[in-house]
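# What the coordinates show
Each chain is listed here by its residues.
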Amino acid sequence: MYNSKITGLGYYVPENVVTNDDLSKLMDTNDAWIQERTGIKERRHVVKGDGDTTTTMGVKAAKIAIERSGLDKDEIDFVVFATLSPDYYFPGPGVLVQRDLGLKTVGALDVRNQCSGFVYAISVADQFIKTGMYKNVLVIGSELHSTGLDMTTRGRGVSVIFGDGAGAAVLSREEDTTKGILSTHLHSEGEHAEELALIAPGMGKRWVTDILSEDNPEEDTSYFPHMNGQFVFKNAVVRFSEVINEGLQANGLTASDIDLLVPHQANLRISQFIQQKFKLNDDQVFNNIMKYGNTTAASIPIALTEAWEQGKVKKDDTVVLAAFGSGFTWASAIIKW
Ligand code: UT7
């Protein structure tokens, strides 16, 4: 048995900054509401014509991560790509990364776990490395939200929150099993699937007659994400806490052992709640939702990369990743850096 460890990190966000004031020109919203409820000041949106897609952003992040890992791209044995916004309904973006990075004909897997997608993807990569099947796995989380949001007042409860971007990590074999990814814990509760969902273009859309009006296609909102924000919020704070505790306990650790918590950037108020609950100081929790909004599967790898670049992730640190989102799914990873 081996462990896996993160040997390279990278992120990419589009250059185009969209402020809260910019959004208030499109819909009935304002900077004060968005900052107070979410902590978000601005986010990035791709610009039509720039050519950025979920895949191309993922590839840009991956190139940085591979370079920092010190590996040649031919040493990558497998690709795991987490997203809720694939370029195509099928095939998924994993194979497009294999093509665009010019990798050998290695396996490429797509993970569909939304905000928890990156932690799920890390877990998948970790299992392949633990068993000895693969030595180096490229893990990507990338999202292009902006082209699929309802940018009218009708969609404001969702559209102000999400942003575009990508993050990537290279996981490699670690022979010392007291280091690297110590554990991952994954959960789901499909009972609440429709509380945060995008119904179309799923094959089940034609049966969701109650939200479709064939006489008036303008009223078909199934192409936009729907979120029961308060319900999601209440579940998030409970599940975040549970899954962090589960990970700590599995490793004989307590909250006081956490050097850095990198939570999924869903809402600054959720991060602050978790920070208080675990009695962590500001230096022990990394947040960047203010700059990028919620980038779903990309949020943790973008945040982890920024934290690492700022010297906030050091050798032997205990780093905790935790996420909650659509599904519902939630997950944590405990890492000895
Ligand atoms: O990453 C995946 C997981 N996602 C999450 O964890 C998100 C969890 N939920 C949340 O973060 C929060 O519920 C939101 C930020 C989405 C919303 O905040 P809230 O404090 O729960 O607000 P609300 O939905 O209860 O809306 C309060 C009011 C409503 O008006 P009335 O009915 O009180 O008159 C909304 O219509 O705010 C209104 N509103 C807005 N006003 C200005 C909703 N969106 C906006 C907006 N600008 N963008």
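Residues numbered from 1 in each chain as written. Predicted model: local features only at pLDDT ≥ 70, side-chain atom pairs only at ≥ 80, totals over all residues. Heavy atoms only, no water.

Here we come to unusual backbone geometry. Note on backbone geometry: most residues besides glycine have negative phi, and most peptide bonds are trans. That bond from Phe90 to Pro91 is cis: its omega, 0 degrees, falls within 30 degrees of zero. Positionally, Pro91 belongs in the loop between strand S4 (78–82) and helix H4 (93–100). Residue Phe328 is reached from Gly327 by a cis peptide bond, and omega for that bond is -15 degrees. Along the chain, Phe328 falls in the loop between strand S12 (318–325) and strand S13 (329–336). For Gln114, which is not a glycine, the phi torsion comes out positive at approximately 50 degrees. In this fold, Gln114 is placed in the loop between strand S5 (107–111) and helix H5 (117–130). Gln114 sits in the buried class, given a relative accessible area of 13%. (Helix = DSSP H or I, 4+ residues; strand = E, 2+ residues; numbered from the N terminus. Buried < 20%, exposed > 50% of the residue type's maximum accessible area, 1.4 Å probe, protein only.)

Applying the stated criterion across every chain, the model contains 7 aromatic pairs. Taking the centre distance of 4.9 Å and the plane angle of 15 degrees together, the rings of Phe78 and Tyr134 count as stacked. Highlighted residues: Phe78 in strand S4 and Tyr134 in the loop between H5 and strand S6 (136–143), separated in sequence by 56 residues. Neither Phe78 nor Tyr134 differs from the other in exposure class; each is buried. Ring geometry for Phe324 versus Trp330: centroids 6.1 Å apart, planes at 35 degrees, classification tilted. Residue classification places Phe324 among the buried residues on the basis of a relative accessible area of 3%. Through a chain of ring-to-ring contacts, the aromatic side chains of Phe231, Phe324, Phe328 and Trp330 assemble into a single cluster. (Phe/Tyr/Trp six-rings, centres within 6.5 Å; stacked < 30°, edge-to-face > 60°.)

What follows is about the nonpolar core. Formed by 35 residues in total, the largest nonpolar core has its most connected members in Ile6, Leu171, Val262, Leu304 and Leu321. Top contributing element to this core by residue count: H5, with 7 residues. Residue-level mapping places this core at the junction of two domains, with at least three residues from each of domain 1 (3–174) and domain 2 (180–193 + 225–336). The contact partners of Ile6, leaving out residues within four places of it in the chain, are Ile122, Ala169, Val170, Leu171, Ile181, Leu304, Ile335 and Trp337. Ala266, Leu280, Phe324 and Ile334 belong to the second largest nonpolar core, which has 24 residues in total. (Core = buried A, V, L, I, M, F, W, Y, C linked by side-chain atoms within 4.5 Å. Domains from an automatic or database assignment. Contact = heavy atoms within 4.5 Å.)

Those residues carrying the UniProt feature "active site" (unreviewed entry) are Cys115, His264 and Asn294 in this numbering. Spanning 180 residues, the annotated positions come together in the fold, the maximum distance between their C-alpha atoms being 8.8 Å. If you trace the backbone, Cys115 turns up in the loop between S5 and H5. In this structure, Cys115 is in contact with His264, Thr296, Ala297, Ala323, Phe324 and Gly325, ignoring residues within four places of it in sequence. Relative to the assigned elements, His264 resides in the loop between strand S11 (260–263) and helix H8 (268–277). Contact partners of His264, with chain neighbours within four places excluded, come to Cys115, Phe240, Ser271, Asn294, Thr296, Ser299, Ile300, Ala322, Ala323 and Phe324. (UniProt positions renumbered as here; feature names shortened; annotations may be inferred.)

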